[in-house]
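So the chains spell out like this:
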Amino acid sequence: QVQLAESGGGLVQAGGSLRLSCAASGRTFSTYCMGWFRQAPGKEREFVATISRDGGMTYYADSVKGRFTISRDSAKNTVFLQMNSLNPEDTAVYYCAASWVASSVVLTTAGGYRYWGQGTQVTVSS
């Protein structure tokens, strides 16, 4: 069982930065692949970034590659999403997700994740 809680969302001007955090309650954090997804009004939920259970592998959506960085801190049971050079197209509710995995892999499909946070709003103004 894993409970996830996102934080760090807010309002930022275009070109600015935000760092999202996702705190996990489970004691087996090191066995979970983690991911970030986002959903804008009227749009489908889309993949943003993922990180393997050991932090050794990451993968990003083309739309955020080079601007966003996903990382994890095992000591804090927390995954982060550093977002730089934000633009209005990044406005969405951002969700953290977790999935148990047997090895170091990354998951890019929402259906592959069992546990989800309730989301944090990110709004980028022009």
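Residues numbered from 1 in each chain as written. Predicted model: local features only at pLDDT ≥ 70, side-chain atom pairs only at ≥ 80, totals over all residues. Heavy atoms only, no water.

### Quick look at the side chain of Glu 6
Consideration 1: For Glu 6, the location among the structural elements is in strand E1 (residues 4–7).
Consideration 2: Despite its burial, Glu 6 remains without a salt bridge, the nearest opposite charge being carried by Arg 45 at 8.3 Å.
Consideration 3: Within the structure, the side chain of Glu 6 is placed 2.8 Å from the backbone nitrogen of Cys 96, a separation counted as a polar contact.
Consideration 4: In terms of polar contacts, Glu 6 uses its side chain to reach the backbone amide nitrogen of Gln 118, at 3.1 Å.
Consideration 5: Once residues lying within four places of it in the same chain are set aside, the contact partners of Glu 6 are Ser 21, Cys 22, Trp 36, Tyr 94, Tyr 95, Cys 96, Gly 117, Gln 118, Gly 119 and Thr 120. (Helix = DSSP H or I, 4+ residues; strand = E, 2+ residues; numbered from the N terminus. Buried < 20%, exposed > 50% of the residue type's maximum accessible area, 1.4 Å probe, protein only. Lys, Arg positive; Asp, Glu negative; His and termini not counted. Salt bridge = Lys/Arg side-chain N within 4 Å of Asp/Glu carboxyl O. Polar contact = N/O pair within 3.5 Å; in protein donor to acceptor, adjacent residues only side chain to side chain. Contact = heavy atoms within 4.5 Å.)

### Let's talk about the sheet that holds strand E8 (residues 78–83)
Consideration 1: Taken in spatial order, the four strands line up as E1-E3-E8-E7 in an open sheet, and their pairing is antiparallel. Strands at the two margins of the open sheet, each flanked by one partner only, are E1 and strand E7 (68–73). When the angles between neighbouring strand axes are averaged without regard to direction, this sheet yields 15 degrees.
Consideration 2: Sheet topology note: the E7/E8 ladder contains six bridges and is antiparallel. Bridging across to E8, Thr 69 finds its partner in Gln 82. (Pairing = 2+ DSSP bridges. Axes fitted to C-alpha atoms, helices over the stretch in contact; angles between N-to-C directions.)

### Some words on the packing of aromatic side chains
Two aromatic rings are characterised by how far apart their centres lie and by the angle between their planes.
Consideration 1: Scanning the model with the defined rule gives six aromatic pairs in all.
Consideration 2: Summarising the aromatic geometry, the rings of Tyr 32 and Tyr 115 are spaced 6.0 Å apart at their centres and angled 65 degrees between planes, so their arrangement reads as edge-to-face. Residue Tyr 32 is found in strand E4 (residues 32–39), and its partner Tyr 115 is found in strand E10 (residues 115–116); the two are separated by 83 residues along the sequence.
Consideration 3: What makes Tyr 115 buried here is its relative accessible area of 18%.
Consideration 4: Ring geometry for Phe 37 versus Trp 116: centroids 5.1 Å apart, planes at 55 degrees, classification tilted. One end of the pair, Phe 37, is in strand E4; the other, Trp 116, is in strand E10, with 79 residues separating them in the sequence.
Consideration 5: Exposure remark for Phe 37: the relative accessible area of 1% places this residue in the buried category.
Consideration 6: Using a relative accessible area of 26% as the deciding quantity, one classes Trp 116 as partly exposed. (Phe/Tyr/Trp six-rings, centres within 6.5 Å; stacked < 30°, edge-to-face > 60°.)

### Here we look at the nonpolar core
Generally speaking, a soluble globular protein has its nonpolar side chains buried in company with each other.
Consideration 1: Counting residues in hydrophobic clusters, the biggest one holds 36 residues, and the most contacted among them are Leu 4, Met 34, Trp 36, Leu 81, Met 83 and Tyr 94.
Consideration 2: For this core, the elements supplying multiple residues, two or more each, are strand E3 (18–24), E4, strand E5 (46–51), E7, E8, strand E9 (92–100) and strand E11 (120–125).
Consideration 3: Those residues in contact with Leu 4, other than ones at most four positions away along the chain, are Cys 22, Ala 23, Ala 24, Met 34, Cys 96, Ala 97, Ala 98, Tyr 115, Trp 116 and Gly 117. (Core = buried A, V, L, I, M, F, W, Y, C linked by side-chain atoms within 4.5 Å.)

### Let's talk about the state of the cysteines
Consideration 1: Inspection of the entire model under this criterion finds one disulfide.
Consideration 2: You can see Cys 33 has no disulfide; the closest cysteine sulfur is in Cys 96, sitting 10 Å from it.
Consideration 3: We classify Cys 33 as buried; its relative accessible area is 0%. (Disulfide = S-S within 2.5 Å.)

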